[in-house]
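Reading the structure
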Amino acid sequence: MRAIVVDAPNAQPTLRDVPEPTPAPDGAVIEVRATGVCRSDWHAWVGHDPTVAWPHVPGHEFAGVVRAVGERVRSVRLGERVTAPFCCGCGSCGPCRDGVQNLCEREYQPGFDGWGSFSEAVHVPWADVNVARLPDAIGFDEAAALGCRFMTAFAGLTDRAGLRPGETVCIYGCGGVGLSAVLIALAAGAQVVAIDVRDEPLQLARELAAAVRRGDAAAGPGAPRGTHAGRNDALVTVNARTHDPVATVRDVTDGGAHLSVDALGSPATCAQAIRSLRRRGRHLQLGLLLGEDAAPVVPMFEVIRHELTVLGGHGMPARRYPELFRFVEARGLPIDRLVGEIAPLDAAGDALSAVGRFAPVGATVLRP
């Protein structure tokens, strides 16, 4: 089969013939129909992830068709349209038995711990635990765009942060995770302030907001009211190159957001997001901080003085996918708008470089 192979950190990704994976006794091989290009793939490519062994095949946001299963697999069938989380759980350790397979003690991540989905086929271990069937209404491209970015934002906002209708949410970074968080928070009835340094993703955030079918939840106290930047009903957009994002968030939310999200992953945006909170606010860290940014300076004085809560989000178990799909369908979310460019597999090198420059608006999807 063909796959994108990287021989060493920062080496040029090349399309080559490689052996096709065979399923482990409890695993499945998925024929990849679409795979997203994520900033986490860029982190792996440049050597930020110590779990990656070289040569390596990146890719962890994928959708496709079941091609083969191991002899112990019981609930996964050949030919099914499926996806899988990037955080695969074993199903038998303590966290897995508690239902949080995304925190598995033996976690396996395709595209990091082993070869990934920038290929014509990818192996998923513990298939009965980790393979999720796709509804007919969701295509392969859209499912790949839901990948780690949308499902991480969904689990982070709904599970970890306990987002409630009428709350104010500020989201730093409108890349894949950030735009997904904007879409989910608006659909959940929140009032959103979206922050980026580029006008293009902020414009897409406004277009997504216009397309969301919101519920009947009314805006609560502290709903965004300012005129510092673009508005679209429950959404305020802020360009951090022209406005102080912390001051703007605190102004338009009457003293600070209930919930802040760093969807980018940098010491600066992490600190800014925390400083954008009202007293007893909650901060959700979704953007990865790796390499030299792995231990950022956190404004802990404000965390203590204002009794803030700091949370992390790490993916979502496959068992939650049906709920995610129901959320998307019930609210008519335009997830197709999250897809930016669609490209062939041999464009992976250019796509990774673009992600490193924060160039794409929307998810780049490769079709093997």
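Before any of the text, the structure's been laid out above.
Attention here is on the structure that accompanies the text. (Residues numbered from 1 in each chain as written. Predicted model: local features only at pLDDT ≥ 70, side-chain atom pairs only at ≥ 80, totals over all residues. Heavy atoms only, no water.)

**A short note on the environment of Gly89**
Within the element layout of this structure, Gly89 appears in the loop between β5 (81-83) and α2 (94-97). When its relative accessible area of 0% is taken as the criterion, Gly89 is described as buried. Through-space distance from the C-alpha of Gly89 to that of Glu107 is 5.2 Å; in sequence the pair is 18 residues apart. Once you skip the residues sitting within four places of it in the chain, Gly89 turns out to touch Cys96, Gln101, Cys104, Trp126, Val129 and Asn130. (Helix = DSSP H or I, 4+ residues; strand = E, 2+ residues; numbered from the N terminus. Buried < 20%, exposed > 50% of the residue type's maximum accessible area, 1.4 Å probe, protein only. Contact = heavy atoms within 4.5 Å.)

**Focus: the pairing of strand β8 (residues 168-172)**
The side chains of a regular strand alternate between both faces of the sheet. With five of five residues buried, β8 lies mostly within the body of the structure. Here β8 shows two buried faces, one formed by Thr168, Cys170 and Tyr172 and the other by Val169 and Ile171. Two elements, β8 and strand β9 (residues 191-196), share five bridges in a ladder whose sense is parallel. Bridge pairing links Thr168 to Gln191 in β9. With helix α5 (residues 176-187) bridging β8 and its parallel neighbour β9, the resulting β-α-β unit is right-handed. Strand direction decides the pairing type here: β8 and strand β12 (residues 257-262), joined by four bridges, are parallel. Within β12, the residue paired with Val169 across the bridge is Leu259. (Pairing = 2+ DSSP bridges. Right-handed = clockwise from strand over helix to strand, strands pointing away.)

**Digging into the layout of surface pockets**
Over the atoms rolls a probe the size of a water molecule, and in doing so it shows where empty space is left. For the second largest pocket, the calculated volume is near 190 Å³. Looking at the second largest pocket, it is lined by 15 residues, and the ones nearest its centre are Val100, Asn102, Asp159, Arg160 and Gly315. Looking at the lining of the second largest pocket, its residues break down into four nonpolar, seven polar and four charged. (1 Å grid on protein atoms, 1.4 Å probe; cavity = no way out; pocket = protein on both sides within 12 Å on 5 of 7 lines; lining within 4 Å. Points joined across faces, edges and corners; volume = space filled by probe spheres on them. Nonpolar A, V, L, I, M, F, W, Y, C, P; charged D, E, K, R; others polar.)

**What to know about the nonpolar core**
In terms of nonpolar packing, the biggest core is built from 65 residues, with Phe150, Leu157, Val261, Leu324 and Leu333 touching the most fellow members. Considering each element in turn, this core owes the most residues, 12 residues, to helix α4 (residues 140-160). Once residues within four sequence positions are removed from consideration, Val261 is found in contact with Leu157, Val169, Cys170, Ile171, Tyr172, Ala273, His283, Leu284 and Leu286. (Core = buried A, V, L, I, M, F, W, Y, C linked by side-chain atoms within 4.5 Å.)

**Some details on the packing of α4 against helix α10 (residues 321-330)**
With their axes 11 Å apart at the nearest point, α4 and α10 run at an angle of 85° to one another. In terms of axis orientation, α4 runs roughly perpendicular to α10. Side by side, α4 and α10 meet where Leu146, Phe150, Met151 and Phe154 of the first sit next to Tyr321, Glu323, Leu324, Phe325, Phe327 and Val328 of the second. (Axes fitted to C-alpha atoms, helices over the stretch in contact; angles between N-to-C directions. Parallel < 35°, antiparallel > 145°, perpendicular 65-115°, else oblique.)

**A word on empty space enclosed by the protein**
One pass over the full model with this rule turns up one cavity of 30 Å³ or more. One number sums up the size of the largest cavity: a volume of about 40 Å³. Looking at the largest cavity, the residues that line it are Thr83, Leu134, Ala143, Leu146, Gly147, Met151, Tyr321 and Phe325. Contributions of two or more residues to the lining of the largest cavity are made by α4 and α10. Here the element with the most residues in the lining of the largest cavity is α4; it accounts for four residues. For the lining of the largest cavity, the residue count by class is six nonpolar, two polar and no charged.

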